[in-house]
Amino acid sequence: MLKFHLNKKIFWVIALLIVVANSFLTLYVYNHTQKAIEIRAFARGESLKEYFISMRYVYHQQFLDSGLEVNEKTVGFLPAHASTLISDKFSELSSDGITIRNVTDVPRNPKNMADEFELDAIEYFKKTKNEKAQIKKIRQNSQEFLHYTAPLVIEQYCIACHGKKEEVLPSILKMYDTAYDYKIGDIRGVTSIKIPIDSLEKEAIKSFYQTALFTWGIILLLLIVVYFAVNKLTGQEVEQKTLLQKEVRKKTADLNEQKNELEVAYAQQKHLFSILRTVADCNQILITAQSVEELVKKTALSMHENTTFASVKISLLEDGELVVKTSIGLDEELQILTLEEKVVASNTHIHMQQDSSLLTSSCRERMHKYKLKEVYAVPLKKDYHAKEALGVLSICTTQESELSHEELAMIDELAGDVGFAINSFNQKEAINQLSYYDTLTYIPNQRLFEQHLEQALSSSDKHLNYGALLFLDFDDFRNINDLVDKSTGDAILQEIAQRLIATVHQEFFVARHSGDKFLILLENLSSVENEAAIMAKNGAQKLQESINVPFAVAEKSLYLTCSIGIVLFLDHKESVNKLLNEAEYAMRTAKKEGKNSIRFYDESLQNMTKSRLEMLQRLKEAVIEKRLMLYFQKQFDKEQHIMGVEALLRWRDAELGFVSPAEFIPLAEESGLIKEIGDFVLESATDTLVLWSSEALKKEWRMSVNVSPIQFKEERFVSNIKALIERKNIKPSLLRIELTEGVLVADQQEAMQKILELREFGFSISIDDFGTGYSSLVYLKNLKVDELKIDQSFVFGLGKNKSDETIIKTITMMGNELGFEVIAEGVETQEQFNTLTSLGCDYFQGYLLARPCPVEEL
């Protein structure tokens, strides 16, 4: 009896354990089912959102491109209104009760007003801008939903309707009073997708209940059998226990197997979704790519981001040869495999596993080296029925499980889309080439040139910079065709086109007008007409120089010359045709004046450039013959004690007399002479410091020397000036280098590094003409200089312009706060001196105190 009760106790303990274990397992499966429901809802929400946003984006672009004016009749075409209609229609047609809407807290269309759950979502995304989406369970109208929301972020194309009122479309401004002043990155609203839980739970819960009922039925049946067996076969206790244990293990294994199957199914679903997401991302790339190169590169990168694809390679046919365009994932040379050649030749896909008998030895070694499991290569075709492939998409995987039929189908679909996009680019390029490019020289034709000229006129009007149109015609070119055959003449024209392109800057535009005539467009030359004219003429001269190089024809040298007409433009007042006619007229005038010449349409510009060329020639002679000289102007403190001098460059020409530095310094910078002149100034200034070293008074004077930005940018400037000081055994502290703020604009980091090296050596640094240029507080805070020089234009305005006094006061206060000396130049009256002193300026330079003079008169 004791033994019988003991067996029953053991039975109840075992039964309790089985019930508890199955209860936990049932609870786990239930929770897992609920999680799977939420994941499926999130995946469906993501897919619907991407499709809805893509449709809205394309719709918006089409609306903007159409140029429709918004009014009561056309308001339905607005994306905000159209998307609402689409949402309503979708809700009407949706069989499972799913709704999708774009809503906002500041609607123009009342139907787009967010409800309380959507308003909570908008506030959430405004506070957490890094979040891309969220899903919550809500209850609305006595029904439970899984509520998926994703932020609607203001992008560039949104500004046309929701930016500042002065930036939006006039018809939008007229139609609406709200929803303006958004900036790129602001949260406009959310995409709201509400999925009824009933529609998702129905099948999942049904499956769960079936599994649970089956499991509990088996457990109950098992317990009943065991119970009666224990009661009936108490004498065979050991055997019954053994049988019971085996049965429990088997059923537990079945439950574990079911659990594993659920986990495998979930993992497969998640993996399949990742492939689908990759395909969607790639399709987005196909829409936005601007070239074939961008398309294949970004597509390969997007695919490789999915861990399924260990490597992705895209190869295209070029002139009958298969060429690798991009390869990501394998660190070996880019080469075409036999497998890929077979795919293109057969125009069908090839799918091989690592144990395939069709693998070549090299492919087998390659797969073993990178632990690849399978290779899939699919042709890229312009359409499904195309008989010839454009290229091949090859992918390799390292995952243990094989690619499923669904995954292979997705890859095939993506390959088809890529092939279609590539073919579209090829067709566009062919059409563009025929419409806008010269068939002989392959450079732009007059049609494309006129479009660029129209854009250049708009840009000139916007930025107020002059541009120039050059009309180039070869002198007596028709004689060339008489001397050689037409094919040789065509070859010369082709070489001419290449020479012109190689000569001009990248921002200049070269086109063939007709015959032996060419057009060159120069943009953004200068805001000053004279400077723009000089730059245009310099460009024309370079073109002539490139043409003057002899052409090799039949082992002989053929010499050509050309005449160039130039017309400047500043705004959109001149039409394209008028500018072309004026440039051609100037070219014909150049031909009449002797050919191989350059002529402006504007006579005054012709004379101005001629006089500047004459001055430049005289300046070159003055530099060579060392006819430049240094004058010196003393600098004082407020007690009028001499603190030092500034070295000033002077040029006295035999015919022109004294030429102002304001005239010849810009000319020297344009021509490149400034480097030689800068070396002369430093050499002469240091010679003077050596001379003063033996004079009791002057040996303590500090000398300020201006350094051109062009000279300062030279790579060896710092080392050269340090070598100069060491060679002449001068104290570096006696030389103050004056720089303009412009040296910091091009490369601030490099300029600051050079300034640091100069100060560490012992030089002091002054910022000349402070307040007229860059004047950034950021660089002033980090810039290690010793002096700020107030430009004389501000000093001249003292007593006449209150703003000049304010500027000077600001500069002196800022200089004092940052530990800089502040000196004012151009002090010519006692009133100016007194005002500057009261404003906090401590150092002065100007005619009131001392005029510039030669070293002998100091």
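As shown above, the structure is provided for reference.
Summary of the structure given here. This structure is a prediction, so every number in the text was calculated from the model and none was measured. (Residues numbered from 1 in each chain as written. Predicted model: local features only at pLDDT ≥ 70, side-chain atom pairs only at ≥ 80, totals over all residues. Heavy atoms only, no water.)

### Some details on the packing of helix α21 (residues 717-728) against helix α23 (residues 748-761)
- Relative to each other, α21 and α23 sit at 15°, their axes nearing to 10 Å. Accordingly, the angle class assigned to the pair α21 and α23 is roughly parallel. In this structure, the crossing between α21 and α23 has a hand that is right-handed. Where α21 abuts α23, its residues Phe717, Val718, Ile721, Lys722, Ile725 and Glu726 lie against Lys754, Glu757, Leu758 and Phe761.
- Residue composition of the contact of α21 with α23, grouped by class: six nonpolar, no polar and four charged. (Axes fitted to C-alpha atoms, helices over the stretch in contact; angles between N-to-C directions. Helix = DSSP H or I, 4+ residues; strand = E, 2+ residues; numbered from the N terminus. Parallel < 35°, antiparallel > 145°, perpendicular 65-115°, else oblique. Left-handed = near helix turned anticlockwise from the far one by under 90°. Contact = heavy atoms within 4.5 Å. Nonpolar A, V, L, I, M, F, W, Y, C, P; charged D, E, K, R; others polar.)

### Describing the pattern of salt bridges
- Counted according to the given criterion, the structure contains 32 salt bridges.
- One salt bridge in this structure joins lysine 789 and glutamate 646, with 2.9 Å as the shortest N-O distance. Here glutamate 646 lies in strand β18 (residues 642-653) and lysine 789 lies in strand β23 (residues 787-790), a separation of 143 residues in the sequence.
- Looking at lysine 789, the relative accessible area reads 0%, which means it is buried.
- With a shortest N-O distance of 2.4 Å, aspartate 687 and lysine 728 are connected by a salt bridge. Of this pair, aspartate 687 sits in helix α19 (residues 674-692) while lysine 728 sits in helix α21, and the two are 41 residues apart along the sequence. (Salt bridge = Lys/Arg side-chain N within 4 Å of Asp/Glu carboxyl O. Buried < 20%, exposed > 50% of the residue type's maximum accessible area, 1.4 Å probe, protein only.)

### Thoughts on unusual backbone geometry
- For serine 142, which is not glycine, the phi torsion reads 65° and is therefore positive.
- Considering the arrangement of structural elements, one finds serine 142 in the loop between β2 (134-140) and β3 (143-153).
- In this structure serine 142 comes out as exposed when scored by relative accessible area, which is 67%.
- Look at asparagine 524: it is not a glycine, yet its phi comes out positive at around 50°.
- One can find asparagine 524 in strand β12 (residues 517-526).

### Observations concerning the sheet that holds β3
- Taken together, the four strands give an open sheet; going across it, the order is β1-β4-β3-β2, and neighbouring strands pair in antiparallel fashion. On the outer flanks of this sheet lie β1 (99-103) and β2, each paired with one strand and no other. Neighbour to neighbour, the strand axes of the sheet diverge by 25° on average, direction disregarded.
- Both β2 and β3 contribute to a ladder of seven bridges, which runs antiparallel. Residue pairing in the sheet places isoleucine 138 in a bridge with phenylalanine 145 of β3.
- Helix α3 (residues 116-127) rests against β1, β2, β3 and β4 (187-196) of the sheet, and its axis sits at about 130° to β4. (Pairing = 2+ DSSP bridges.)

### A word on empty space enclosed by the protein
- Scanning the model with the defined rule gives eight cavities of 30 Å³ or more in all.
- Roughly 100 Å³ of volume is contained in the second largest cavity.
- For the second largest cavity, the full set of lining residues is Asn22, Leu25, Thr26, Val29, Phe208, Thr211, Ala212, Thr215, Leu255, Gln258, Lys259 and Leu262.
- The set of elements that each furnish at least two residues to the lining of the second largest cavity consists of α1 (2-66), α6 (197-232) and α7 (237-288). (1 Å grid on protein atoms, 1.4 Å probe; cavity = no way out; pocket = protein on both sides within 12 Å on 5 of 7 lines; lining within 4 Å. Points joined across faces, edges and corners; volume = space filled by probe spheres on them.)

### Considerations on the packing of aromatic side chains
- Tallied over the entire structure, the rule returns twelve aromatic pairs.
- Measuring from centroid to centroid gives 4.5 Å for phenylalanine 833 and phenylalanine 844, while their planes differ by 45°, and the two rings are tilted. In this pair, phenylalanine 833 is assigned in helix α27 (residues 830-838) and phenylalanine 844 in strand β25 (residues 843-845), connecting sequence segments eleven residues apart.
- In this structure phenylalanine 844 comes out as buried when scored by relative accessible area, which is 0%. (Phe/Tyr/Trp six-rings, centres within 6.5 Å; stacked < 30°, edge-to-face > 60°.)

### Points about the side chain of lysine 591
- Counting through the fold element by element, lysine 591 comes out in helix α16 (residues 576-592).
- The exposure class assigned to lysine 591 is buried, which follows from its relative accessible area of 19%.
- Of the polar contacts made by the side chain of lysine 591, one reaches the backbone oxygen of phenylalanine 474; its length is 3.2 Å.
- If we skip the residues at most four places from it in the chain, lysine 591 touches Asp473, Phe474, Asp475 and Ser563. (Polar contact = N/O pair within 3.5 Å; in protein donor to acceptor, adjacent residues only side chain to side chain.)

### What about the side chain of glutamine 134?
- Within the secondary structure, glutamine 134 is located in strand β2.
- What makes glutamine 134 buried here is its relative accessible area of 13%.
- Sequence-distant contacts of glutamine 134, defined by excluding residues within four places in its chain, comprise Ala121, Tyr124, Phe125, His147, Tyr148 and Thr149.

### A word on a nonpolar patch on the surface
- The grouping of Leu16, Val20 and Phe24 at the surface amounts to a nonpolar patch, some 310 Å² of accessible area in total.
- Considering the arrangement of structural elements, one finds phenylalanine 24 in helix α1. (Patch = residues over 30% accessible without salt bridge, like charges linked within 9 Å, V, L, I, M, F, W, Y side chains within 5 Å. Areas by Shrake-Rupley, 256 points an atom, 1.4 Å probe, with all protein chains shown as cover.)

### So, α19
- With 19 residues, α19 extends 27 Å between its outermost C-alpha atoms, agreeing within 8% with the 27 Å of an ideal straight helix rising 1.5 Å per residue.
- Among all positions of α19, only Ile674, Ile677, Gly678, Val681, Leu682, Ser684, Ala685, Thr686, Thr688, Leu689 and Trp692 are buried. (Expected span 1.5 Å × (residues − 1).)

### Describing the pairing of β23
- Residues Glu787 and Lys789 point to one face of β23 and Leu788 and Ile790 to the other, with burial holding for every one of them.
- Inspection of the sheet shows strand β22 (residues 764-770) paired to β23 by three bridges, in the parallel sense. Among the inter-strand pairings, serine 766 is bridged to a residue of β23, identified as glutamate 787.
- One ladder, built from four bridges, connects β23 with strand β24 (residues 821-825); its direction is parallel. Along β24, the bridge assignment pairs glutamate 787 with glutamate 821.

### A few points about the sheet that holds strand β15 (residues 562-569)
- An order of β11-β12-β10-β15-β16 is seen for the five strands of this open sheet, with the pairing classed as mixed. At either margin of the open sheet sits one strand with a lone partner, and together these are β11 (509-514) and β16 (598-600). The sheet shows a mean angle of 25° between the axes of neighbouring strands, taken without regard to direction.
- Of the pairings in the sheet, the one linking β15 to β16 comprises three bridges and is parallel in character. Paired with isoleucine 564 across the strands is isoleucine 598, a residue of β16.
- Here helix α14 (residues 486-503) sits on the sheet and contacts β10 (466-474), β11 and β12; the angle it forms with β12, its principal contact strand, is near 5°.
- Against the sheet, helix α15 (residues 529-548) touches β10, β12, β15 and β16, its axis set at about 160° to β15.

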